[in-house]
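Commentary on secondary and tertiary structure
Listed here are the chains, written in short residue letters.
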Amino acid sequence: MNRRNGNEVAGDRDSFQMESKALEQAPNMEQKNGKIMDSEEVENGKSEPINPLAMDGAFTAPDGGWGWVVLVATILVLALTLAFPSCMGIFYTDLQTEFQASNQETSWVPSIMTSVLHAGGPFCSVLVERFGCRATVMLGGVLSGLGMVASSFTHTITELYVTAGIITGLGFCFSFQPAVTILGHYFVRRRAFANAMSSTGTALGLCTLPLLGNYLHTELGWRGSFMVLGAVLLNCCVCGAVMRPLGGPRHRGQPLINHGPLQLKEEKLKGRMRALWVGLMTSLHRHMAFDLLRNNLRYRVYVVGITWMMLGFVVPLIYLVPYATAHDMEQSQAALLLSILGIVNIVVRPPIGLLFSLPWFKGCHTYVFSAALLVNGLSNSICCIDASFSVLLAYVVTYGLSMSVVGSLMFTVLMDTLDMSRFPAALGLLAIMESVTLLIGPPLAGILVDRTGEYFYVFFACSATVASSAVFLMVSFYWLDRRDRRALKGQQVPPQVPPPKPASGNNLVPQCQYRSVPTEGDKDKASDSEMGDVTRL
């Protein structure tokens, strides 16, 4: 369905998450005999050192060269994954007719796809740490392609939930997150520029995929379109193949069991269970910031506001095409609206990001973000005026402009609420919580359409949801800022007033008077002097 904008925001969120985890996902190093060793090789008894220049991204990242190829591949991966759910709206009516499904049942397909795409982030990080970015991206391309091809052979809506929702969504997750991760390895000095360029991939996909989906739908129907789109998604494997890892190949030693002494099976099992438990706790601490949610009030406010926002943020675009076609608009024109939305994001997002990075807006990011989110929520009411092309065009332009500001500042505001060392964990927990509302939002809207028979009630509900989250964030952060200012003012110590200086007449140079403090030696001298005077008398 037309979930591009919500996917862009959440996708940018995951992109920042994976970039922040880039250094964490590099192999652990240990020292042995003064040489840097991979931790796994140390455990396996491997004595061959690893060249530190081959593993340290600060030395090997070219900030160019083959990195530009990786950048182009990342843009294509983001276009094929994050923007893909937007073209599902082209087939919404056909899926309803084919499976005799209600709006609620049909809306579960893109809902599950988007939710799995974001919720699978921690699991994707584990695969990246174990197999590397290249293999994980290619695995994601295979899963997403097979999922869409299998969807063309489904006979029930439940089967479509599994193929298009779970399998394809998981493939999207495995493709785009490692792509952003390896981009952070290839670019250090130009990382900000590389991330800005890669973020245009979702907008590029939004411009092209709806038009491609509409053409395939006209020529082949929804089943043939799904099969062709599955083949298109296999290009993620090609993009992953060019993402070669930095550093030379590593030679693994023999398994640890061949080197260590013979141990009892019970002791081995206990040791493995302990290692598994420690690894699980470490992974939870790395990817889930539950302590921040409990102790950091600003982070808790932000998480609550963004999670509530996602309940209605992407829903309008899911129902935009069905709403337009239900009022006798050509499906090609409805697909064109989505392409215009992508063009607006491509044109506006880069300069908006540069503008709000200037020092003038320092300290105002939260309020600018909340104001843009308020405009974005209220813009959904425009759809209720009329379903003509001109009105919906005004809607997508307003939505795209406000969305560009929200997408540019969403993670800047999050970074302002916590220490950067905890940013990956905070972002991971936020992604999990968002996936819940992303999952239930479209089905709730489908229930509303089934009960009322009208689509504009969905736009009203989404307008109220997003606008209320904006007001909540604005008021809450304003109250927190006032509280912090009062606390800071109360901690300030009043300055000490220096004592008045003695008058020195007309001299310009002040006269300084000194007074010595008598010591023990001075007291002894004074006593001897007094005794001498007494003797003389």
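Residues numbered from 1 in each chain as written. Predicted model: local features only at pLDDT ≥ 70, side-chain atom pairs only at ≥ 80, totals over all residues. Heavy atoms only, no water.

- Looking at an unreviewed UniProt entry, the protein carries the name Solute carrier family 16 member 5, with the source organism given as Hucho hucho.

Re a nonpolar patch on the surface
- Taken together, the side chains of Val162, Ile166 and Ile167 present a nonpolar region at the surface, about 210 Å² in accessible area.
- By secondary structure assignment, the location of valine 162 is in helix α10 (residues 157–186).
- The exposure class of valine 162 is partly exposed, given its relative accessible area of 40%. (Patch = residues over 30% accessible without salt bridge, like charges linked within 9 Å, V, L, I, M, F, W, Y side chains within 5 Å. Areas by Shrake-Rupley, 256 points an atom, 1.4 Å probe, with all protein chains shown as cover. Salt bridge = Lys/Arg side-chain N within 4 Å of Asp/Glu carboxyl O. Helix = DSSP H or I, 4+ residues; strand = E, 2+ residues; numbered from the N terminus. Buried < 20%, exposed > 50% of the residue type's maximum accessible area, 1.4 Å probe, protein only.)

Notes on the packing of helix α8 (residues 121–131) against α10
- Across the interface, α8 lies against α10 with an axial gap of 9 Å and an inter-helix angle of 65 degrees. Both α8 and α10 take part in a crossing whose hand is right-handed. Together, Gly121, Phe123, Cys124, Leu127 and Val128 of α8 and Cys173, Phe174, Gln177 and Pro178 of α10 make up the contact between the two elements.
- Residue composition of the contact of α8 with α10, by class: 7 nonpolar, 2 polar and no charged. (Axes fitted to C-alpha atoms, helices over the stretch in contact; angles between N-to-C directions. Left-handed = near helix turned anticlockwise from the far one by under 90°. Contact = heavy atoms within 4.5 Å. Nonpolar A, V, L, I, M, F, W, Y, C, P; charged D, E, K, R; others polar.)

Comments concerning α8
- Those residues of α8 that fall on the buried side of the exposure criterion are Gly121, Pro122, Cys124, Ser125, Leu127 and Val128.
- Glycine 132 occupies a position one or two residues after α8 and carries a positive phi of about 95 degrees.

Here's the deal with the environment of glycine 213
- Tracing the chain through its elements places glycine 213 in helix α12 (residues 200–233).
- For glycine 213, a relative accessible area of 0% corresponds to the buried category.
- As for glycine 213 and phenylalanine 91, which are separated by 122 residues in sequence, their C-alpha atoms are 8.4 Å apart.

Regarding the pattern of salt bridges
- A complete count under the given rule lists 4 salt bridges for this structure.
- Across the salt bridge formed by aspartate 481 and arginine 298, the nearest N and O atoms sit 2.6 Å from each other. With aspartate 481 in helix α23 (residues 456–491) and arginine 298 in helix α16 (residues 297–313), the pair connects residues that are 183 residues apart, well separated along the chain. An identical accessibility class is assigned to aspartate 481 and arginine 298; each is buried.
- As a salt-bridge pair, arginine 298 and aspartate 484 come within 2.8 Å of each other at their nearest N and O atoms. A residue pair is termed long-range when its members are at least 10 positions apart, and arginine 298 in helix α16 and aspartate 484 in helix α23 qualify at 186 residues.
- When its relative accessible area of 33% is taken as the criterion, aspartate 484 is described as partly exposed.
- Taken together, the salt bridges that share partners define one network made up of Arg298, Asp481, Arg483 and Asp484.

Considering the packing of aromatic side chains
- A full pass over the atoms with the stated rule returns 16 aromatic pairs.
- Judged by centre distance (5.7 Å) and plane angle (70 degrees), the rings of tyrosine 92 and tyrosine 319 are edge-to-face. One end of the pair, tyrosine 92, is in helix α6 (residues 92–99); the other, tyrosine 319, is in the loop between α17 (315–318) and α18 (320–326), with 227 residues separating them in the sequence. Summarising the burial analysis for this pair, tyrosine 92 and tyrosine 319 share the class buried.
- When the centroid spacing of 6.1 Å and the interplanar angle of 40 degrees are considered together, the rings of phenylalanine 313 and tyrosine 399 count as tilted. One end of the pair, phenylalanine 313, is in helix α16; the other, tyrosine 399, is in helix α21 (residues 389–416), with 86 residues separating them in the sequence.
- Members of the aromatic cluster, joined through ring pairs, are Tyr92, Phe313, Tyr319, Tyr323, Tyr395, Tyr399, Tyr455 and Phe459.
- Positioned above the aromatic ring of phenylalanine 131 is the side chain of arginine 130, whose terminal nitrogen or guanidinium carbon lies 5.2 Å from the ring centre.
- Of note, arginine 244 hangs over the ring of tryptophan 66, and the distance from its end group to the ring centre comes to 4.2 Å. (Phe/Tyr/Trp six-rings, centres within 6.5 Å; stacked < 30°, edge-to-face > 60°. Lys NZ or Arg CZ within 6 Å of the ring centre and 35° of its normal.)

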